[in-house]
Each structure stands twice: as structure tokens, then as C-alpha cells.
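Observations on chain architecture
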Amino acid sequence: MDINADIKGLASRIQKAVATHPIPEVFHEISRELKEIFRADRLCLVLIREDKLSAIDYFVYTTHGNSFLPVGSVFSLEGSITGEILKTRNPVIVKDTTEGRYLTDSLLLKEDIRSRLGLPLFYGGEVIGALCMGSRMVGNFSEEHVAVWMKISPFISVVAENARLIQRLKDSSEELTKEINERKRMEEELKALNESLEQRVARRTAELAESEEKFRKISASAQDAIIMLDNEERVSYWNEAAEKMFDCSKEEAIGENLHKLIIPDRFRERHLKGFKIFQNTGHGPIIGKTIEVMALRKGGTEFPIELSLSGVQIKGKWNAIGIVRDITERKGAEEVLRRTVEERNDSIKEMKHLMDFSTLMREETRKDELIEHMAQVLKNTFAPDILAVLMLDKEKNVLDVALRDPPIPVDELLRAETILDPSLCRVMRTGHEHIVRDIHRDPSCSCLLYKIERGGYVCFPIIAGGATAGVVLMIKKKEDHWGSEERLRLVSTYVGMAAAALHRVQLMDITRRAAVTDSLTGVYNRRFFDEMLEKQMALARRHNEPLGLLIADLDHFKDFNDTCGHLAGDHLLQQVARILKNSIRSSDVLTRYGGEEFAIIMPTTDITGALDKAEKVRQGVESTNFDDVVPGQSFKMTISIGTASFPMHGTEYDTLVGAADKALYKAKRGGRNRVEKP
């Protein structure tokens, strides 16, 4: 028997059947194929109810000769091969039926059946059914048949899970039908009062039917990637769904190292550690489990997947079989189903609000406006009695209360310790929301000072760029307001969309700052100086005010650089920049003019004020001991400063800068470590 050829042939035929035939016909096809592969005289393919107490009354078939007989009722699993498989999760082999075991399997307890085999059907690490077979020959089944099943079962489990999904759709459809009938009865009673209501219900019913049809098509066309990995990490099987999912043909994938092919670099080492264990034992941290990981397409783009792994021995070596599903598609389908069945009337309205909010967030470019928009939408949608947005100030490592509605005092809302130490906030510390549905039942957070007599509150993290950037707090003095999981999911969605927009704005701010900031010292660069001086001169001219300009140059910096090295020179420039920044007003503009030169623009400052400020800067540099520039050494540095003032020394950019430069040269020629004017 060519096992691989049988498996590939079965997989191809099942995939084709799933796409073109109803599920009962697909299971007929599976039964025929399995009967041939296992040389069985009778076969029963069983799916387990989710309560795991009985077999389901659909998609169960037996084979006898060329006939396929559906079983039309639920039957007990107690004392059956299927019941044993559910308890042990292991195959069951009965070499001789005269042993008297499993007496409730009436489908296989025929006089001509002399040996039986039961095999578990796994999906997502759970037993969802069993394949039970009978043969007229004693001892017909062996461990070899079990090994064959391990290759085939992943394909069967996909079809079985699709059967469950379709049944749930069927149940949902019946529920919708009942609701529509009830709605029609009410319409007949209220028709005389409100004819427009009948039109809205009819329109809504059509929309629901359209949504359900869209979901059915999505579900029918969804296919999981099936990949087999040999003991040396090489791809040995790669189906069509894998080709589409990873944008990589079978010819390109077969024989390649799977971890290098589809696992991003940053996760590869962790996967390799688990695979080393699997190579020798057949076990591993994710074998038999369903996990979510990031995968890599051939073009280099990453996307999230759900991965289910199982192990099988081939020629004494462990091979892995993986079922890969694109999480985005699955959750999209689940979202469509959930909205169709559970939300119905509110789903379209909610989607429109989310789309409008997404557009609003996508178009906003200012952080403060973004927070205002988010807060307004949260207030309108969820009607909290108190809403607060706290943002992390990374430089000071404190929480900033960016918004309060109504504007109650901060010291009445939160503990001061939490404001000063954000790590005391569990949401900031863990990045997970904190839900208090009822203050009398759920444990409250010690950070909150504001007391309410009933109701509860929620705290949702603002995750921007993978880090917790803030917290949204909403308090509602009403019982069960936060008891709805759907409401909490919607809050999370709004906050998540706002957080993504916040991250985008932060990246834009970083980009803008990088364009005008000196990377070494952190002060503004020469480009910014040129633009700002032109603007400040225009403002000074318009308001008839003076404008001071300082150009400073470190004395003997080249000698220091040559003696101590460029790295020490960089450290020295950084410390000098900090001294200058601490010596000026917040309205003054400090820039790195070039090399060891700095320039300071001082609005509304005449020459006298400029000279006074320059002297304070000079004294500050002169009095500093530079101990950390070179390990184990202490240095003294001095600085020469040239000053000029608009309009006294120039009314245009070139003349004012030239006057300050001239004063700087004068200070240098005069012996350095001094302040001069033109």
C-alpha cells in the first residue's frame, strides 16, 4: 500500500468534495476512501456532541458492501469503543470480538464481524469523534493501521469541524426563522398603528439574510493549510491552501527548512528549542495544542496564524503535521456570525459607528484632539457618569490626567502615589483591562479614591506600539452596566482603534522631531535655527520688539578631541548642551550651530539682556567640573560667546548672524572665555 499516495489522493478528493458537494455527500466520499485504505468490511464515522456524553444524530454512516446507511438517532457512548476513545484519547484494537468487549456498539456487533478497530479524531487538541471499523477476519487490525490514521486524521478533522460550523449555522437559521415569525405576528397586531414599522422590519430581515449568505460563502470557501514536517525540519507536504496562504508554491516549499521558510527571525529560536525536544521524543511544548503565532509569507510580510500540531512516527522518526489557519479570516467569520445571530438590529449601526470612528482616528494628527475625539465617542456610546483619560509622561515617568469629564479634582479621583508611580496601577503594569462589574462583589482597585454606592467601573489600557501609553477609566453608578461582554468588547475596540491612531501620531511626531533635532545633543539643529531665526525676526519686526542672538564656541575643543578622542568629545558636547539648556528661558531656542558651536535665539531681548544671559552661560560652563567625560579624569572647559541684537546690529538674517559671528571672533582674539558684542 502506497500510504503517501493514498493520503495525498484522499486529501485532494476531500478538498474537491468540500468545495462542490453537501456535507453528507462529503462524508459518503470519506467513508468510501477509508473503507478502501483500511480494508474494512464495516465502518462507522462518529462525531461527538459538544457535551461529550453522546454521539450526534447527523453525519454518522456505516458501510456494508457498497451501501451507506445513515444513523438517525442519538446513541449512548457508555460501554462503546467511541466512549473508550473519549476517555483515553487513544486508539482501541479488538483482535477478536469473542472477547465480549464494547457490547453497545450494535453497528459493529454483527455475526460476521470478528475484529474491530477504533481511532480518535482530533481537532485543536480535543477528541471530536472516532472512526470505528469491523472486519470479518480475526486480528485484521494492527498498530500499522493506527500509524496510517495519524496521517489521514488531520484532513478528516477539517471536514468534521466544517460540519459543526454548518450545523451551528443551521441552528442559527432556525432561531432567526422563529424570531421572524414572532415578529410577523406582532406586526399584524400593530399594523394599524405603525405601517412604517413593517417596512423597516422587512428591510432588516433582508439585510440579515444577506449577512447570513455572505457568512455562508466565507465559511464554505475557507480552507486551512496542511503542512508536514520531517525529522530534519524539512517540508514533506504542502497543500494548495498553504500555497495560497504563504504565497509559496509546493515546488518552492518541499524540502526547505520550515522554520526558515515561514517563522519570523525573532521567534525562530523559541520554535527550534521546542522542535529539538520533539525530534527525539515526539513531545513538545505545543504538540497537541492550538496556539497563535506570527508567520511569514514569501514576500516577507508577517501575519497571525492559529497552529495545531500533532506528531507521527514514520520509519522510526518523528514527523510533525501542522494545521494552519489565518486568524484574521477566522475571526472575521466569527464576527459576522456573532453579529448576525446575537446583535441583529444593532450590528449595522455599530459597524457604521466604528467605521466613522476609524476614519476620524485615521485623519487626526494631534494627540490632544485624538484623545478628545475618543472621549466624546466613549461618552456618547457608553454614557459613563465619570470618564478620565490618563497618559504616561515617559520623560518624567508620571501619569498625566489628560481629560476628566466632569472635571472633578484629581486628588478626589486617584491616589497621588499612583500619579507619581504609574507601576502601582495594575492596568499600566500588566497592559490588561480591569473590570469591576459590581463594587459590592468584585475586588476594587486601590488606585481609585472616588467612591460610589452602586454600579462599577472599567479601566482599559491604551496600547500604542506594543507599550501601555495610558489608561481609559469609566465609572457608571448603575448596576449591571458593565455586565455585558459585548459592551466590554466594544469599549476595547474603540480604545484599541484610538491607541493605534495614537501610535501613528507618535511616530509622526518622532519623525518631525528627528528632522529638526541634532541626534548627538538632542537640541535643535542648524536647519531649525535658520527657519526659526527668520520667523522670530519677522515677529520682532511686526511687534517692534528686540531679539537677542548668541553664538557660542567651546575653547580649545579641537585639542581636547585630539587628546581624548572623539567619543569623549561627544560626551563633552552633550554635557555642555545640558548646561546651556538649563541656563535659558523656556521661550529661548537653543540650537547646535555646527561642530562645537551653539546658537541661542532670545525673543524680546535687547543687547543688555543678551550680554547678561551670555555671561551667566559662560560662568556656568567655566564653573562645571566635567568628571564623566573621560573615566577617572576631571576637566575644566571654557566658552567664548558673541552677542548681537535685532534691530541694533542687523535687520536681516545675514547681517544679524554676521554681527554675532563678528562678536564671537572678537571674543576669541581677546583671549577666549569671554563675552563680546560687535
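Now for a description of the structure that goes with this document. Just so you know, the residues in each chain are numbered from 1, in the order the chain's sequence is written. With pLDDT at 70 or above as the cut-off, local features in this predicted model cover only qualifying residues; side-chain atom pairs require 80 or more to be listed or tallied, and sums for whole chains, interfaces and linings still use all residues. Excluded from the side-chain calculation are hydrogens and water; included are all heavy atoms of the structure.

1. Digging into the overall build of the protein chain
- Helix and strand content of the protein chain: 21 helices and 21 strands.
- It only takes one pair of heavy atoms within 4.5 Å for two residues to be counted as in contact. If you take every contact in the protein chain between residues at least 6 apart in sequence, the share linking residues at least 24 apart comes to 59%.
- Summing over all exposed atoms, the protein chain offers an accessible surface of approximately 34900 Å²; the carbon and sulfur share of this is 51%. Numbering of helices and strands runs from the N terminus; a helix is a DSSP stretch of H or I covering at least four residues, while a strand is a stretch of E covering at least two. What sets the accessible areas is the Shrake-Rupley method with a 1.4 Å probe; for residues, cover comes only from the shown protein chains.

2. Comments concerning the sheet that holds strand E15 (residues 456–464)
- Two strands are said to pair when DSSP picks up at least two bridges between them. The five strands lie next to each other as E13-E12-E16-E15-E14, forming an open sheet whose pairing is antiparallel. For this open sheet the edge positions go to strand E13 (398–405) and strand E14 (434–436), each flanked by a neighbour on one side alone. Between one strand and the next, the sheet's axes are offset by a mean angle of 20°, whatever the strand orientation.
- For strand E12 (residues 386–393) and strand E16 (residues 467–476), the ladder comprises six bridges, and the chain directions are antiparallel. Residue Ile-386 lies in a different strand from E16, and its bridge partner there is Ile-475.
- Axis definition: a line fitted to C-alpha atoms, over the contacting stretch in the case of helices. Angles run 0 to 180 degrees between N-to-C directions. Sheet contacts for helix H12 (residues 367–382): E12, E13, E15 and E16; angle to E12, the most-contacted strand, approximately 150°.

3. Looking at the pairing of strand E18 (residues 589–594)
- Judged by how many residues are buried, E18 sits mostly within the fold: five of six residues are covered.
- With five bridges connecting them, E18 and strand E19 (residues 597–603) associate as antiparallel partners. Residue pairing across strands places Leu-590 opposite Ile-600, the latter belonging to E19.
- Here E18 hands over to E19 after two residues, with Gly-595 in that stretch at a positive phi of 60°. Three exposure classes are used, based on accessible area relative to the maximum for each residue type with a 1.4 Å probe and protein chains only: buried under 20%, partly exposed in between, and exposed over 50%.

4. A word on unusual backbone geometry
- Between Asp-405 and the following residue, Pro-406, the backbone shows a cis peptide bond with an omega angle of 0°.
- Tracing the chain through its elements places Pro-406 in the loop between E13 and helix H13 (410–413).
- At His-556, a position not held by glycine, the phi torsion is positive, near 55°.
- Among the secondary structure elements, His-556 is positioned in the loop between strand E17 (547–554) and helix H18 (557–564).

5. With respect to the sheet that holds strand E10 (residues 302–314)
- With antiparallel pairing, the five strands of this open sheet are ordered in space as E8-E7-E11-E10-E9. On the outer flanks of this sheet lie strand E8 (235–238) and strand E9 (290–296), each paired with one strand and no other. Neighbouring strand axes in the sheet, compared pairwise and without regard to direction, differ in orientation by 30° on average.
- In this structure, E9 lies alongside E10, joined through seven bridges in antiparallel fashion. Across the sheet, the residue bridging to Glu-292 is Glu-306, located in E10.

6. Observations regarding the packing of H18 against helix H19 (residues 566–582)
- Where H18 meets H19, the axes come as close as 7 Å, and the angle between the chain directions of the two elements is 135°. By the angle between their axes, H18 is oblique relative to H19. Between H18 and H19, the residues in contact are Phe-557, Phe-560, Asn-561 and Cys-564 and His-566, Ala-568, Gly-569, Leu-572 and Leu-573, respectively.
- When residues are sorted by character, Ala, Val, Leu, Ile, Met, Phe, Trp, Tyr, Cys and Pro go into the nonpolar class, Asp, Glu, Lys and Arg into the charged class, and all the rest, Gly among them, into the polar class. Considered class by class, the residues forming the contact of H18 with H19 number six nonpolar, three polar and no charged. Here the word oblique covers every angle except those under 35 degrees (roughly parallel), over 145 (roughly antiparallel) and from 65 to 115 (roughly perpendicular).

7. Structural notes on the packing of aromatic side chains
- Any two of the Phe, Tyr and Trp rings considered here, Trp counted by its six-membered ring, make a pair once their centres fall within 6.5 Å; the pair's planes then place it as stacked at under 30 degrees, edge-to-face at over 60, or tilted in between. For the structure on display, the rule yields nine aromatic pairs.
- Between Phe-38 and Trp-149, the aromatic rings sit 6.5 Å apart at their centres with planes inclined by 55°, giving tilted as the arrangement. One end of the pair, Phe-38, is in helix H2 (residues 23–38); the other, Trp-149, is in helix H4 (residues 143–190), and 111 residues separate them in sequence. Neither residue differs from the other here; Phe-38 and Trp-149 are each classed as buried.
- With 5.1 Å between their ring centres and 85° between their planes, Phe-560 and Phe-635 make a pair best called edge-to-face. Of this pair, Phe-560 sits in helix H18 while Phe-635 is found in the loop between helix H20 (607–622) and strand E20 (639–646), placing the two residues 75 residues apart along the sequence. No difference in accessibility class separates Phe-560 from Phe-635, as the two residues are buried.
- One aromatic cluster is present, formed by Trp-238, Phe-246 and Phe-303 through successive ring pairs.
- Here the guanidinium or amino end of Arg-297 rests over the ring plane of Phe-303, the centre of that ring lying 3.8 Å away. Charge-over-ring placement is defined geometrically: NZ (Lys) or CZ (Arg) within 6 Å of the ring centre, and within 35 degrees of the ring normal.

8. Things to note about the side chain of Ser-640
- Looking at the element boundaries, Ser-640 is found in strand E20.
- For Ser-640, a relative accessible area of 0% translates into the label buried.
- Not counting residues up to four positions away in its chain, the partners in contact with Ser-640 are Ile-551, Ala-552, Asp-553, Asp-555, Leu-664, Ala-667, Lys-668, Arg-672, Asn-673 and Arg-674.

9. Focus on H19
- For H19, spanning 17 residues, the distance from its first C-alpha to its last is 25 Å, which sits close to the expected 24 Å at 1.5 Å a residue.
- Of all the positions in H19, only Ala-568, Gly-569, Leu-572, Leu-573, Gln-575, Val-576, Ala-577, Ile-579 and Leu-580 are classed as buried.
- Close packing links the buried residues of H19 with E17, H18, E18, E19 and H20. Multiplying 1.5 Å by the helix residue count minus one yields the expected span of that helix.

10. A short note on the pattern of salt bridges
- Salt bridge criterion: a side-chain nitrogen from Lys or Arg within 4 Å of a carboxyl oxygen from Asp or Glu. Here the structure, examined in full by the defined rule, presents 24 salt bridges.
- Among the ionic pairs, Asp-385 bridges to Lys-476, the shortest N-O distance being 4.0 Å. One end of the pair, Asp-385, is in the loop between H12 and E12; the other, Lys-476, is in strand E16, with 91 residues separating them in the sequence.
- Relative accessible area serves as the criterion here: at 13%, Lys-476 is assigned to the buried category.
- One salt bridge in this structure joins Lys-668 and Asp-555, with 2.9 Å as the shortest N-O distance. Here Lys-668, found in helix H21 (residues 653–669), pairs with Asp-555, found in the loop between E17 and H18; they are 113 residues apart in sequence, far enough to count as distant.

11. Describing the state of the cysteines
- Only a pair of cysteine sulfur atoms within 2.5 Å counts as a disulfide in this structure description. Tallying each qualifying case throughout the model produces zero disulfides.
- Of all cysteine sulfurs in the structure, the one in Cys-445 sits closest to Cys-459, which takes part in no disulfide; the separation is 6.2 Å.

12. A look at the environment of Val-410
- With respect to the helices, strands and loops of the structure, Val-410 is situated in helix H13.
- Taking relative accessible area as the criterion, Val-410 reaches 28% and is therefore assigned partly exposed.
- The sequence separation of Val-410 and Leu-449 amounts to 39 residues, and the corresponding C-alpha distance is 9.5 Å.
- Excluding its chain neighbours within four sequence positions, the residues that come into contact with Val-410 are Val-401, Arg-404 and Ile-419.

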